[in-house]
Each structure stands twice: as C-alpha cells, then as structure tokens.
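Now for the letters of each chain:
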Amino acid sequence: MSQLPTLRQLQFLIALSDKGSFSRAAEACFVTQPTLSAGIKELEAILGTVLVERGARGASLTPAGEAALERAKRVLTEAEDLVTATQAAGQPLSGPFRLGVIPTIAPFLLPQVLPTLRRTFPDLELFLREDLTGRLTEALRDRRLDAALIALPYESTIISSRAIASDEFLFACAPDHPLAKRVPLTAEDLSSEALLLLEDGHCLRDHVLSACSAGAARSDFAATSLHTLVQMVKSGLGATLLPAMAVKAGLVDRLGLTVKPFDPPIVGREIGIAWRKGSARADEAAQLGEAIRTLLDAD
C-alpha cells in the first residue's frame, strides 16, 4: 500500500499557500520553520512531484501544488466533518458553531434571541460573522460557516434554507412628507416617490425594489447601513421602506420620523436559516433555526 500524506502535511501546504512564506506559515501552524519545511518536503516525496517554488521573496505553489491544494482542502474539510458529525450525534448543538448573519438582520435579531439561546443550549459556542449575503453563502460553500441567517428567497443548487419568520415593510418619512398623513397608504402611492435605498450588494435593496414593483423611483443617494439610511430620511433627503423587525428593535426611536404600515401590508422578505447541502451540521442548523423561530413567535 502506498504511503499517504498526513493531515498535518496537508495543513502545512494550505498554510503555505495562504501566507506565501515558510516563516509565516510555520507561525500560523504553531511549529518551527524547519518542521514545516520538512513536512512539505515529505509531502513532495510522497506525491513524487515539486509542490512549492522557493525563492528569496517567498514561496508559491507550482501547478501540481495548486492541484494538490484543492484536494487537500477537501480532505481536511471531510476530516473536520467527521469530527463534527460524531460529536453532534452524541450531543446536538454543542461545541463551536459558526453562524453568519446579514447586516440588516444582525443588530435587530441577535440581541433579542442570543440570551435565551445561550440558556437553552449552554454547551453551544456561537461564533458570529456579520457580512453580506453573497460572502456568507460563499463561506457556507467553502465550509467556513456552519449556517447563516439571511433574507429569502435565495436560490442555489448547493445551499439549503428554511424560512423562520416574515418581515413586513413599513414606510418611513419626515413628518412633513406628502405621504405622512395618507390613509390608507398603499404600494401604489409610491409610484412617483424617489425612495432612499441601501447601496448595491445589500439584498434588502433588491427586496425593497421588488416590493415596489408599481414603479417607485430610486433616489441617487445610497446608504451603507440602515442606521445611515434613517439619518438620511431624518435630514429630509427622502423616504424609504424599513423592515418592521428593525423598527421594533428601536431603529427610529427618538428620531422624530413618521413610520406607517401599508394597507394591505407589504411582506417584504422572509428571514431564513441557510446551510450547505450535505453538511454534517445540517440538522443542527435546522434545529437552531427552529429555536429562533419559536423565540420570535413568542415575542
């Protein structure tokens, strides 16, 4: 039987690719530089080819090294899944769990649910990452996250998701805005309104535009966050649509804005939990989503 690479050698190769030098890779792996260098040489001997080009300015992978790198990442991920699945079988929702959350959900939902989640699952160590949907789903695909709270719908052949809550859109404007006293307020009333929106990359921007299919115009201004957006509204630059979850969490408190529901209501987005298909923690992700749904329903 042929000699096989060790997981440690594969870790060395991945670290060397990430860091670009033997010294920095050794530091990242908590070993000495000679130990890492010897591990790479042993890996090259086992595979029978040169994986790393060594130079005065650092190290880079050869084409064979790049091919080995992709497989090394998959092998290590499968090994990590083996450990995770075995541990989860003994005690679900325990140990480290990497959860991503989009910025238009994180500051409004997490403070509401985290204290109870910690009491309900005392052995669960949540590591949180806030980022845009595209980067979170990429991290799910690359197995750098176990699950993510995102806005649905989200279509992907390798990502599964489950809706856990609906989020209504509310109209926000200055008190002297022409629509501030409109009763009832309908989506059609926005047909000539230049709405303030988040900048490109935020899924909430797309959901607002979809909800206003009657033809609302877009303002030239774009905000980087909901907190910036409401300040723009306060300054009289225009009106916008806000998620009811954010308003309920105090986003517009003490700003003096008029916030109105639509009649009929506009359900702007579904909040859901997503995970990579085939993940060893798929059942735990679904269980965590169900726990969050229960907390939101009880509130």
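Note that this is a predicted model, so its numbers are computed, not measured.

(A) Representation of the overall build of the protein chain within the structure. A tally of regular secondary structure across the protein chain gives 10 helices and 10 strands. Its C-alpha radius of gyration of 25 Å places the protein chain more than 25% over the 19 Å reference for a compact globule of 299 residues. Taking all 299 residues of the protein chain together, 47% fall into the buried category. Once local pairs closer than 6 in sequence are excluded, the contacts in the protein chain between residues at least 24 apart make up 71%. When the accessible surface of the protein chain is totalled, it reaches about 15300 Å², and 52% of it is carbon and sulfur. Taking the average place of the 31 positive charges on the side chains of the protein chain and the average place of its 36 negative ones, the gap between the two points comes to 4 Å.

(B) Structural view of empty space enclosed by the protein. Throughout the structure, instances matching the rule amount to 2 cavities of 30 Å³ or more. Looking at the largest cavity, the residues that line it are L196, L197, L198, L204, R205, V208, L229, T240 and L241. Within the residue set of the lining of the largest cavity, elements represented by two or more residues are β7 (194-198), α7 (203-211) and β9 (240-243). Classifying every residue of the lining of the second largest cavity gives 4 nonpolar, 3 polar and no charged.

(C) Molecular detail of the packing of helix α1 (residues 7-19) against helix α3 (residues 33-47). Between α1 and α3, whose axes approach to 9 Å, the crossing angle comes to 110°. In terms of their interaxial angle, α1 and α3 are classed as roughly perpendicular. Facing Q9, L10, F12, L13 and L16 of α1, the residues of α3 in contact are T35, L36, G39, I40, E42, L43 and I46. Tallied by class, residues from the contact of α1 with α3 come to 8 nonpolar, 3 polar and 1 charged.

(D) Layout of the layout of surface pockets. Roughly 410 Å³ of internal volume is contained in the largest pocket. Surrounding the largest pocket, 16 residues form its lining, K73, T77, E80, D142 and R143 being those nearest its centre. For the lining of the largest pocket, the elements supplying multiple residues, two or more each, are α1 and α4 (63-90). With 7 residues, α4 is the single largest residue contributor to the lining of the largest pocket.

(E) Summary view of the pattern of salt bridges. In total, this model carries 11 salt bridges according to the counting rule given. One salt bridge in this structure joins D146 and R98, with 3.0 Å as the shortest N-O distance. On the criterion of sequence distance, the pair formed by D146 in the loop between α6 (133-141) and β5 (147-152) and R98 in strand β3 (residues 95-101) is long-range, its members being 48 residues apart. Judged by its relative accessible area of 7%, D146 falls in the buried class. Since its relative accessible area comes to 31%, R98 is described here as partly exposed. The partner of D146 in a salt bridge is R281, with the nearest N and O atoms 3.8 Å apart.

(F) The arrangement of the environment of V113 in detail. Looking at where V113 falls in the secondary structure, it is placed in helix α5 (residues 106-120). Taking relative accessible area as the criterion, V113 reaches 1% and is therefore assigned buried. Residues V113 and R293, spaced 180 residues apart in sequence, show a C-alpha to C-alpha distance of 9.6 Å. If we ignore the near neighbours within four places in the chain, the residues touching V113 are I292, L295 and L296.

(G) Region of interest: the packing of aromatic side chains. Under the criterion given, the structure shown has 1 aromatic pair. Residues F171 and F262 carry aromatic rings whose centres are separated by 6.3 Å and whose planes lie at 75° to one another, so their mutual orientation is edge-to-face. In this pair, F171 is assigned in strand β6 (residues 159-173) and F262 in strand β10 (residues 258-276), connecting sequence segments 91 residues apart. Of the residues examined, F171 reaches a relative accessible area of 0% and is grouped as buried. On the basis of relative accessibility, which here comes to 3%, the residue F262 falls in the buried class.

(H) Looking closely at the pairing of β5. Most of β5 is tucked away, with 6 of its 6 residues classed as buried. For β3 and β5, the ladder comprises 3 bridges, and the chain directions are parallel. When the sheet's bridge partners are listed, G100 is paired in β5 with A148. Pairing of β5 with β10 involves 5 bridges; the strand directions are antiparallel. Of the residues in β10, the one forming a bridge with A151 is I271.

(I) Quick peek at helix α2 (residues 22-29). Listed in full, the buried residues belonging to α2 are F22, A25, A26 and C29. Projected onto a plane normal to the axis of α2, the buried residues spread over an arc of 100° and lie on a single side. Considering only its buried residues, α2 is in contact with α1, α3, β1 (52-55) and β2 (58-61).

Scoring rules and cut-offs
- Along each chain, numbering runs from 1 in the same order as the chain's sequence is written.
- Given that the model is predicted, a residue must reach a pLDDT of at least 70 before its local features are reported, and side-chain atom pairs must reach 80 or more before they are shown or counted; all residues, however, enter totals for whole chains, interfaces and linings.
- The basis for the side-chain values is all heavy atoms of the structure; hydrogens and waters are excluded.
- Counting from the N terminus, the helices are the DSSP runs of H or I reaching at least four residues and the strands are the DSSP runs of E reaching at least two.
- For the radius of gyration, the atom set is restricted to C-alpha positions; the globular benchmark scales as 2.2 Å times the number of residues to the power 0.38.
- Burial here depends on accessible area, computed with a 1.4 Å probe over protein chains only, as a share of the maximum for the residue type. Under 20% is buried, over 50% is exposed, and the range in between is partly exposed.
- Note on contacts: a residue pair qualifies if any of its non-hydrogen atoms lie within 4.5 Å across the two residues.
- Surface exposure here means Shrake-Rupley accessible area, sampled with a 1.4 Å probe, where a residue is shielded only by the protein chains that are shown.
- Counting rule applied: Lys, Arg positive; Asp, Glu negative; His and chain ends not counted.
- One atom stands in for each charge, and that atom is NZ of Lys, CZ of Arg, CG of Asp or CD of Glu.
- The way it works is a 1 Å grid over only the protein atoms, where trapped points that fit a 1.4 Å probe form a cavity and open points with protein on both sides within 12 Å along at least five of seven lines form a pocket, and then any residue with an atom within 4 Å of a point lines it.
- Grid points are joined across faces, edges and corners, and a volume is the space filled by probe spheres set on the points.
- Gly is placed with the polar residues, together with every amino acid not listed as nonpolar (Ala, Val, Leu, Ile, Met, Phe, Trp, Tyr, Cys and Pro) or charged (Asp, Glu, Lys and Arg).
- Interaxial angles span 0 to 180 degrees and are taken between N-to-C directions of axes, which are lines fitted to C-alpha atoms, for helices over the stretch in contact.
- By the definition adopted for this analysis, an angle is roughly parallel if under 35 degrees, roughly antiparallel if over 145, roughly perpendicular if from 65 to 115, and oblique otherwise.
- One side-chain nitrogen of Lys or Arg within 4 Å of one carboxyl oxygen of Asp or Glu is enough to make a salt bridge.
- Within 6.5 Å between ring centres, the rings of Phe, Tyr and Trp (the latter by its six-membered ring) count as paired, and their orientation is classed by plane angle as stacked under 30 degrees, edge-to-face over 60, tilted in between.
- Strand pairing is defined by DSSP finding a minimum of two bridges between the two strands.
- By definition, the arc is the one covered by directions from the helix axis to the C-beta atoms.

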